[in-house]
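Below are the chains, spelled out letter by letter.
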Amino acid sequence: MADLRVSYSTLDGVYNALDSATETFRKAPMPSDGGAFGADDVAAAFATFRAAQQRSAAWLGDTSRTLGQYAHDTKLLVQDADDDLAGKAGGAG
């Protein structure tokens, strides 16, 4: 039977990278036309684009946060399982 190896440092790295991505998407600057376009059709198209960009950034931020939480939870669950198995192997369980 093959050994299952879990790298806690890798899970921590994944969590930290995704936490950083969450902040990046949360703080992403949204462009504004500042009235520079003039034409109503162009301004409306820009507003539609900007709304889509905001929804995408929010979705990416939420997804990054969720995936980061999975990495964090995985580490905790594996540590708990390791501790439980170590206890049983040592005669404590």
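That block above? That's the structure.
What comes next concerns the included structure. (Residues numbered from 1 in each chain as written. Predicted model: local features only at pLDDT ≥ 70, side-chain atom pairs only at ≥ 80, totals over all residues. Heavy atoms only, no water.)

Let us now look at helix 1 (residues 8–26). Its 19 residues give helix 1 an end-to-end C-alpha distance of 27 Å, which sits within 8% of 27 Å, the value for a rise of 1.5 Å per residue. Burial in helix 1 covers these residues: Leu11, Leu18 and Thr22. Looking straight down helix 1, one finds that the buried residues subtend no more than 50 degrees of arc, so they occupy a single side. Those residues of helix 1 that are buried are in contact with helix 2 (40–89). (Helix = DSSP H or I, 4+ residues; strand = E, 2+ residues; numbered from the N terminus. Expected span 1.5 Å × (residues − 1). Buried < 20%, exposed > 50% of the residue type's maximum accessible area, 1.4 Å probe, protein only. Arc of directions from axis to C-beta. Contact = heavy atoms within 4.5 Å.)

This part is about the environment of leucine 60. By the element assignment, leucine 60 lies in helix 2. In the structure, leucine 60 is positioned 36 residues away from threonine 24 in sequence and 9.7 Å away in space, judged by C-alpha atoms.

This part covers helix 2. Over its 50 residues, helix 2 runs 73 Å from end to end, which matches the ideal 74 Å to within 8%, given 1.5 Å per residue. Buried within helix 2 are the following residues: Phe46, Ala57, Gly61, Ser64, Gly68, Ala71 and Lys75. Lining the buried residues of helix 2 we find helix 1. Just downstream of helix 2 lies glycine 91, where phi reads positive at about 90 degrees.

Before going further, it helps to spend a moment on the environment of alanine 71. With respect to the secondary-structure elements, alanine 71 resides in helix 2. The sequence separation of alanine 71 and aspartate 12 amounts to 59 residues, and the corresponding C-alpha distance is 7.4 Å. With sequence-adjacent residues up to four places away left out, alanine 71 is seen in contact with Leu11, Val14 and Tyr15.

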